[in-house]
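Listed here are the chains, written in short residue letters.
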Amino acid sequence: MAISLNRFSVSASLTTFRFAELLCFEIIQRNKNILFFTALKANDPNMHDYMEWSLKTWRYYAKKYNCELFILEDPLYDTEWMRPTWQRWYVYDLLEANNIEYNQVALIDIDTMVHWDTPDIFELSNNQYTGVIDDLSIEWTYNSIQGYKQFFPDVDLDWTKYINNGILVLPNNGKEFCNKVKQFYLDNVDELRDLQHNSLKKGTDQTPINYLAKDFFGDNINYLSKKYNMTHMYKTHAFIEGIFIKCSYIWHYNGLPREERNGLMKQTWDLIKSNYE
């Protein structure tokens with residue numbers, strides 16, 4: 001059963017933004033862990049096709065570990081002004097606007113699928129900020145870190161500890177961190193949009209979030225193995241003979257032409273669907 005978000009206002013730095021009829025999610029009980037997905041079409045018209053295969057696996061996972069799914073399907077802001085990746089950081093506003101009590105929150109990309117035997121990522125988080133290191137493209141990571149350094153002159157971000165935002169588990173003080181993220185965007189929106197779309201073109205929120213997390217959490221960051229976010233599978237040849245299914249838990253279909261994502265995710269589902277029955 002789906003319900004809609006009631007109208008509510010969020011105070012920003014200079015103005016007040018009105019949120020209306022923004023999302024749907026499955027009714028949730030109190031104090032459960034939340035699996036939060038952002039499914040805004042933006043510049044990916046195929047998203048509502050491949051999200052079907054993603055959610056078939058994650059709904060199984062949610063039932064197995066008594067979590068609930070929360071899916072943001074309509075934008076809070078114009079997606080040209082604020083990309084969907086930045087809008088997910090309003091997760092606590094959305095939960096609290098609906099009077100939903102929660103335990104921990106995981107932010108998960110909708111282009112992922114989860115193995116039927118995956119352990120509970122909330123237990124593995126140890127109530128710390130938790131993610132998986134992304135070091136497959138050294139040039140991209142290094143230059144992205146350098147490109148956003150201007151905002152964080154006093155933060156030393158090691159490229160070997162750089163986290164992919166596709167799977168993130170937030171600790172109990174995640175709301176405070178999200179508030180920091182939201183304010184950072186509002187304070188720097190023009191510069192960030194220029195870097196994202198014109199001058200740097202090395203991602204949207206991922207590198208600033210790495211900086212902000214390092215600044216906020218310090219060394220209290222928990223790193224899971226690559227099994228929990230198997231990224232860029234075409235680069236690692238993990239698609240060959242379905243190796244990715246055999247050697248990892250969460251499969252991230254990023255770095256692919258968008259028009260191919262749905263077909264590959266459907267093929268995966270057709271191979272493994274009997275395990276989710």
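If you're wondering where the values come from, they're calculated on a predicted model, not measured in any experiment.

1. Looking at the overall build of the chain
Part 1 of the argument: Assigned secondary structure in the chain consists of nine helices and twelve strands.
Part 2 of the argument: A burial count over the chain gives 53% of its 277 residues as buried.
Part 3 of the argument: Of all intrachain contacts in the chain linking residues separated by at least 6 positions in sequence, the fraction that spans at least 24 positions is 76%.
Part 4 of the argument: A total accessible area of about 12,700 Å² is found for the chain, and carbon and sulfur atoms account for 46% of it.

2. Structural notes on the packing of helix α5 (residues 138-148) against helix α7 (residues 206-217)
Part 1 of the argument: Viewed as axis vectors pointing N to C, α5 and α7 meet at an angle of 70°, and their least axial separation amounts to 9 Å. In terms of their interaxial angle, α5 and α7 are classed as roughly perpendicular. For the pair α5 and α7, the sense of crossing is right-handed. Judged by residue contacts, Trp-140, Ser-144, Ile-145 and Tyr-148 of α5 engage Gln-206, Thr-207, Pro-208 and Tyr-211 from α7.
Part 2 of the argument: Taken together, the residues that form the contact of α5 with α7 break down as five nonpolar, three polar and no charged.

3. A closer look at the pairing of strand β9 (residues 129-133)
Regular strands have side chains that alternate between both faces of the sheet.
Part 1 of the argument: In terms of residue burial, β9 counts as a mostly covered element, since four of its five residues are buried.
Part 2 of the argument: Alignment of β9 against strand β11 (residues 221-224), held across four bridges, turns out to be parallel. The partner of Thr-130 across the bridge, within β11, is Asn-222.
Part 3 of the argument: In this sheet, strand β10 (residues 163-170) lies alongside β9 in antiparallel orientation, the contact comprising three bridges. Across the sheet, the residue bridging to Ile-133 is Ile-163, located in β10.

4. Focus: the pattern of salt bridges
Part 1 of the argument: What the rule picks out here adds up to 13 salt bridges.
Part 2 of the argument: The shortest N-O distance in the salt bridge between Glu-80 and Arg-83 comes to 3.4 Å.
Part 3 of the argument: Classification of Arg-83 by relative accessible area gives buried; the value is 10%.
Part 4 of the argument: With its nearest N and O atoms 2.9 Å apart, the salt bridge here joins Asp-219 to Lys-214.
Part 5 of the argument: Judged by relative accessible area, Asp-219 falls into the exposed class, the value being 69%.
Part 6 of the argument: For Lys-214, a relative accessible area of 27% gives the class partly exposed.
Part 7 of the argument: One continuous salt-bridge network, built from bridges that share partners, spans Arg-88, Asp-109 and Asp-205.

5. Brief notes about the nonpolar core
Part 1 of the argument: Counting residues in each nonpolar core, the largest one holds 45 residues, and the members touching the most others are Phe-36, Trp-89, Tyr-129 and Phe-177.
Part 2 of the argument: For this core, the secondary-structure elements that each account for two or more residues are β5 (32-38), β6 (68-72), α3 (91-97), β7 (102-109), α5, β10, α6 (174-199) and α7.
Part 3 of the argument: Excluding its chain neighbours within four sequence positions, the residues that come into contact with Phe-177 are Trp-89, Tyr-129, Ile-209, Leu-212, Ala-213, Phe-216 and Phe-217.
Part 4 of the argument: Core analysis: the second largest hydrophobic core is formed by 40 residues, Phe-37, Val-114, Ile-245 and Ile-272 among them.

6. Some thoughts on the packing of aromatic side chains
Part 1 of the argument: Taken as a whole, this structure holds 30 aromatic pairs when the rule is applied.
Part 2 of the argument: Put simply, the rings of Tyr-77, Trp-81, Trp-86, Tyr-90, Tyr-148, Phe-151, Phe-152, Phe-184, Tyr-185 and Tyr-211 pair up and form one aromatic cluster.

7. A few points about the confidence of the model for the chain
Part 1 of the argument: The pLDDT averaged across the chain works out to 89; a share of 89% of its residues lies at or above 70.
Part 2 of the argument: Predicted confidence for residues 1-29 stays below pLDDT 50, and this span has 75 contacts to residues more than four positions away or in other chains.

8. A word on a nonpolar patch on the surface
Part 1 of the argument: A grouping of Ile-138, Tyr-142 and Trp-159 is seen on the molecular surface, where their side chains present a nonpolar patch of about 300 Å² in accessible area.
Part 2 of the argument: With respect to the helices and strands, the residue Ile-138 is situated in helix α5.
Part 3 of the argument: Here Ile-138 falls in the partly exposed class, since its relative accessible area comes to 47%.

Each value, and the rule that gives it
All residue numbers here refer to positions counted from 1 along the written sequence of the relevant chain. In keeping with the model being predicted, local features are shown solely for residues with a pLDDT of at least 70 and side-chain atom pairs are shown and tallied solely at 80 or more, while totals for entire chains, interfaces and linings include all residues. Only hydrogens and water are set aside when side-chain values are computed; all heavy atoms of the structure are taken into account. Helix and strand assignments come from DSSP, with helices taken as H or I runs of at least 4 residues and strands as E runs of at least 2, each series counted from the N terminus. Under the scheme applied here, a residue whose accessible area is under 20% of the maximum for its type counts as buried, over 50% as exposed, and between as partly exposed, the area being computed with a 1.4 Å probe on protein chains only. By definition, residues are in contact when any of their heavy atoms lie within 4.5 Å. Areas reported here follow the Shrake-Rupley algorithm with a probe of radius 1.4 Å; residue values treat only the protein chains shown as occluding. Here an angle of 0 to 180 degrees is reported between the N-to-C directions of two axes, which are lines fitted to C-alpha atoms, with helices fitted over the stretch in contact. Angular relationships are summarised with four words: roughly parallel below 35 degrees, roughly antiparallel beyond 145, roughly perpendicular across 65 to 115, and oblique for the angles in between. Each crossing gets its hand from how the near helix is turned against the far one by less than a right angle, where anticlockwise is left-handed and clockwise is right-handed. For this classification, Asp, Glu, Lys and Arg are treated as charged, while Ala, Val, Leu, Ile, Met, Phe, Trp, Tyr, Cys and Pro are nonpolar and the rest, including Gly, are polar. Pairing between strands is defined by DSSP: at least two bridges between them are needed. Think of a salt bridge as a Lys or Arg side-chain nitrogen and an Asp or Glu carboxyl oxygen that are within 4 Å of each other. Only buried residues count toward a nonpolar core. Its members are Ala, Val, Leu, Ile, Met, Phe, Trp, Tyr and Cys residues joined through side-chain atoms within 4.5 Å. Stacked, edge-to-face and tilted are the three classes for Phe, Tyr and Trp ring pairs, Trp counted by its six-membered ring, which pair at centre distances within 6.5 Å; planes under 30 degrees apart are stacked, over 60 edge-to-face, the rest tilted. Along the chain, pLDDT gives the predictor's confidence residue by residue, from 0 to 100. Patch rule: a residue counts if its relative accessible area is over 30% and it has no salt bridge; like charges are joined within 9 Å, and nonpolar side chains (Val, Leu, Ile, Met, Phe, Trp, Tyr) within 5 Å.

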